[in-house]
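If you want the building blocks of each chain, they are given just below.
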Amino acid sequence: MRLCVERIIPLRKGRPVVFDLPAIETAADMANALGAIAGAMAAGELTLDEAGAVAGVLEAKRRAIETVEHEERLRKLEERSPGENAC
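Each value, and the rule that gives it
- Residues numbered from 1 in each chain as written.
- Predicted model: local features only at pLDDT ≥ 70, side-chain atom pairs only at ≥ 80, totals over all residues.
- Heavy atoms only, no water.
- Helix = DSSP H or I, 4+ residues; strand = E, 2+ residues; numbered from the N terminus.
- Buried < 20%, exposed > 50% of the residue type's maximum accessible area, 1.4 Å probe, protein only.
- Contact = heavy atoms within 4.5 Å.
- Lys, Arg positive; Asp, Glu negative; His and termini not counted.
- Charge placed at Lys NZ, Arg CZ, Asp CG, Glu CD.
- Expected span 1.5 Å × (residues − 1).
- Salt bridge = Lys/Arg side-chain N within 4 Å of Asp/Glu carboxyl O.

Q: What's the story with the overall build of the protein chain in this structure? I'm lost.
A: Helices and strands together make up the secondary structure of the protein chain, namely three helices and zero strands. Seen in sequence order, the protein chain has helices and strands lined up from the N terminus as α-α-α. The principal-axis extent of the C-alpha atoms belonging to the protein chain is close to 65 × 40 × 15 Å. Considering the protein chain as a whole, with its 87 residues, one finds that 16% of them fall into the buried category. Look at the contacts in the protein chain between residues 6 or more apart in sequence, and 52% of them connect residues 24 or more apart. Taking the 12 positively charged and 15 negatively charged side chains of the protein chain as two groups, their mean positions are separated by 7 Å.

Q: Just to check I follow, could you spell out helix 3 (residues 48-80) for this structure?
A: For an α-helix, the turn length of 3.6 residues means that residues three or four places apart are oriented alike. With 33 residues, helix 3 should cover 48 Å at 1.5 Å per step; its first-to-last C-alpha distance of 47 Å lies within 8% of that length. Taken residue by residue, helix 3 has E50, A51, V54, L58 and I65 as its buried positions.

Q: I keep staring at the pattern of salt bridges and nothing clicks. Help me out?
A: Should their charged atoms come close, side chains of opposite charge can pair. Using the criterion set out here, one finds five salt bridges in the structure. Across the pair E59 and R63 runs a salt bridge, and its minimum N-O distance is 3.6 Å. Linking E59 with R63, this pair stays in helix 3, spanning four residues, or about one helical turn. Classification of R63 as partly exposed rests on a relative accessible area of 44%. The partner of E79 in a salt bridge is R75, with the nearest N and O atoms 2.5 Å apart. Taken together, the residues E79 and R75, both in helix 3 and four residues apart, mark about one turn of the helix.

See below:
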């Protein structure tokens, strides 16, 4: 029974990590956030693997922020010249 339950609901392999991270509103904020991760790793608050995992999450957030920023810039360009975009 235990074997079946472990296959259905595997044990958690990570642990929650708690450290200070600055607010990230723009892609430019990523440098400070990555610096905070490096600082937490250097202080022993995060392992190398944990720091890499957090950096990966931040990279996904950076891509999402940039996508939204690009869409906004494109929308503004299209509004500025509505008749020139027709194919």
